[in-house]
Amino acid sequence: YGGDSRSAQTQLVRVQQVHAAETAFAAIRDDGSVVTWGHPEYGGVSAAVQDRLRNVQQIYASLGAFAAIRADGAIATWGHPAYGGDSSIVRDQLFDILEVHASSGAFAAVRADGVVITWGHPLSGGDSRSVRKQLAEGLGEAKRADTSSRD
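Predicted model, so just to flag it, every value in this text is computed and none were measured.

Here is what the cut-offs are and how they apply
Residues numbered from 1 in each chain as written. Predicted model: local features only at pLDDT ≥ 70, side-chain atom pairs only at ≥ 80, totals over all residues. Heavy atoms only, no water. Salt bridge = Lys/Arg side-chain N within 4 Å of Asp/Glu carboxyl O. Helix = DSSP H or I, 4+ residues; strand = E, 2+ residues; numbered from the N terminus. Buried < 20%, exposed > 50% of the residue type's maximum accessible area, 1.4 Å probe, protein only. Pairing = 2+ DSSP bridges. Axes fitted to C-alpha atoms, helices over the stretch in contact; angles between N-to-C directions. Core = buried A, V, L, I, M, F, W, Y, C linked by side-chain atoms within 4.5 Å. 1 Å grid on protein atoms, 1.4 Å probe; cavity = no way out; pocket = protein on both sides within 12 Å on 5 of 7 lines; lining within 4 Å. Points joined across faces, edges and corners; volume = space filled by probe spheres on them. Nonpolar A, V, L, I, M, F, W, Y, C, P; charged D, E, K, R; others polar. Lys, Arg positive; Asp, Glu negative; His and termini not counted.

A.B. asks: Sorry if this is basic, but what is going on with the pattern of salt bridges here?
C.D. replies: Two side chains that carry opposite charge are able to pair once their charged atoms sit near each other. Counted under the stated rule, the structure contains four salt bridges. Of the charged contacts, one joins D30 and R14 as a salt bridge, the two residues approaching to 3.0 Å between their closest N and O atoms. In this pair, D30 is assigned in the loop between β2 (24-29) and β3 (34-38) and R14 in the segment before β1 (15-20), connecting sequence segments 16 residues apart. For D30, a relative accessible area of 44% puts it in the partly exposed group. Between R111 and D113 there is a salt bridge whose closest N-O contact spans 2.8 Å. Using a relative accessible area of 10% as the deciding quantity, one classes R111 as buried. D113 gets classed as partly exposed once you look at its relative accessible area, which sits at 43%.

Structure (structure tokens):
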């Protein structure tokens, strides 16, 4: 799983970045397109989201899924749902994304307005409802401190 890239070999040209999950890889080409290979259930096949994998700037990986930030701040996810490969429950909140962080089975995305959106396995941090208030307060303080340090 992942070690055999023959199925993607002809597409692996002009590659700018390669990212690894446990059993799959994802490569960003210089035109912002993405090539994947490896275990089909754990991110090695991205056909279901290929139309959203354009102008990709960065890819993040959990053990069994990937999240890609596009130039427009949108996110595309694929891979095993238990590892964060299905973000449909929060899809309408995934806009203006500045950064993403991954755990073994979940993702956390920070929007430009400071809101943190999480998805994936609850035991891996994919459910942040119990700390939503603290996250909002903490990011607000961090943003104020960052703003005041530039004055």
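A.B. asks: What's the story with the sheet that holds strand β8 (residues 106-111) in this structure? I'm lost.
C.D. replies: Think of a sheet as strands paired side by side through backbone hydrogen bonds, with each pair either parallel or antiparallel. An order of β7-β8-β9 is seen for the three strands of this open sheet, with the pairing classed as antiparallel. Bordering the open sheet on either side are β7 (97-102) and β9 (116-120), each of which pairs with just one other strand. Neighbour to neighbour, the strand axes of the sheet diverge by 20° on average, direction disregarded.

A.B. asks: Would you take a moment to explain the nonpolar core for this structure?
C.D. replies: Looking at soluble globular proteins, one finds that nonpolar side chains tend to be buried together. Judged by nonpolar contacts, the single largest core of 13 residues is most densely connected at V34, L53, V56, I59, F66 and W78. Secondary-structure elements contributing two or more residues to this core are β2, β4 (56-61), β5 (65-70) and β6 (75-79). No other element matches β2, which puts three residues into this core. Residues A65, I97, V100 and A109 belong to the second largest nonpolar core, which totals twelve residues.

A.B. asks: What should I look at first to understand the layout of surface pockets in this one?
C.D. replies: Any space left empty among the atoms is revealed by the rolling of a water-sized probe across them. In this structure, the largest pocket occupies an estimated 280 Å³ of space. Forming the boundary of the largest pocket are 16 residues, of which I89, V90, T118, W119 and G126 lie nearest the centre. Among the elements that line the lining of the largest pocket, the one with the most residues is β9, at four residues. When its residues are assigned to classes, the lining of the largest pocket shows six nonpolar, six polar and four charged.

A.B. asks: Which parts of the structure should I look at to understand the pairing of β4?
C.D. replies: A regular strand places its side chains so that they alternate between the two faces of the sheet. Two strands pair when backbone bridges link them, and β4 and β5 are joined in this way by five bridges, in the antiparallel orientation. Counterpart to Q58 in the pairing with β5 is I69. With antiparallel pairing between neighbouring strands as the criterion, β4 and β5 make up a hairpin whose turn holds three residues.

A.B. asks: It is not clear to me how the side chain of R29 should be interpreted in this structure. Could you clarify?
C.D. replies: The residue R29 is located in strand β2 in this model. Buried charge R29 goes without a salt bridge, the closest partner of opposite sign being D31 at 4.0 Å.

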